[in-house]
Amino acid sequence: GELAASGYEQEVNNGERLRDAYILREGLLGPSMAEAADDLLVRSTDKERTRQSARAVMSGMFGELSGGALPWVEPEMNHLVQSRNFAEENMVINYGTCPASSWKAAQHF
């Protein structure tokens, strides 16, 4: 499935909050994607819905500051959102990369 319009709007709002915190208030990232590119890695699963979410967040972070242009929402910008083979994923619980996780999960449930 694809990201619903309300989900897109919510992710853009999340990006705007991240912009306020990381760009405007703390100055940790440059105000444009070109300036922030060396300091930012955008990851997603390989599903189009989650790629759309990532692009919407980036549009919220950088779209307004680049004159309202929202380059992240275009599907041809998929190459800017990195994804990994789930068998190698290390950002979520992955029983294939961490066998101990199944043992620890069993203790908590």
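Just above, that's the structure.
This report concerns the structure included in the present document. Given the structure is predicted, the values throughout are model-derived calculations rather than measurements.

**So, the overall build of the protein**
In step 1: For the protein, the count of helices and strands is four helices and two strands.
In step 2: Start at the N end of the protein and walk to the C end: the helices and strands fall as α-α-β-α-β-α.
In step 3: Out of the 109 residues in the protein, the part that is buried amounts to 28%.
In step 4: For the protein, long-range pairs separated by at least 24 residues make up 56% of all intrachain contacts whose partners lie at least 6 apart in sequence.
In step 5: For the protein, the accessible surface area stands at approximately 7300 Å², while carbon and sulfur atoms represent 55% of it.

**Details of the packing of helix α1 (residues 5-25) against helix α3 (residues 48-62)**
Any two packed helices are characterised by the angle at which their axes cross and by the distance between the axes.
In step 1: Two numbers describe how α1 lies on α3: the axes approach to 6 Å, and their chain directions differ by 45 degrees. Taken together, α1 and α3 sit at an angle that is classed as oblique. The crossing of α1 and α3 is right-handed. Here α1 contributes Y8, E11, V12, G15, E16, L18, R19 and I23 to the contact with α3, which in turn contributes S53, A56, V57, S59, G60, M61 and F62.
In step 2: A class-by-class count of the residues in the contact of α1 with α3 yields eight nonpolar, four polar and three charged.

**Focus: α3**
In step 1: With 15 residues, α3 should cover 21 Å at 1.5 Å per step; its first-to-last C-alpha distance of 21 Å lies within 8% of that length.
In step 2: Where burial is concerned, most of α3 is hidden: twelve out of the 15 residues are buried.
In step 3: Of the positions making up α3, those classed as buried are R51, Q52, S53, A54, R55, A56, V57, M58, S59, G60, M61 and F62.

Rules of the game
Residues numbered from 1 in each chain as written. Predicted model: local features only at pLDDT ≥ 70, side-chain atom pairs only at ≥ 80, totals over all residues. Heavy atoms only, no water. Helix = DSSP H or I, 4+ residues; strand = E, 2+ residues; numbered from the N terminus. Buried < 20%, exposed > 50% of the residue type's maximum accessible area, 1.4 Å probe, protein only. Contact = heavy atoms within 4.5 Å. Areas by Shrake-Rupley, 256 points an atom, 1.4 Å probe, with all protein chains shown as cover. Axes fitted to C-alpha atoms, helices over the stretch in contact; angles between N-to-C directions. Parallel < 35°, antiparallel > 145°, perpendicular 65-115°, else oblique. Left-handed = near helix turned anticlockwise from the far one by under 90°. Nonpolar A, V, L, I, M, F, W, Y, C, P; charged D, E, K, R; others polar. Expected span 1.5 Å × (residues − 1).

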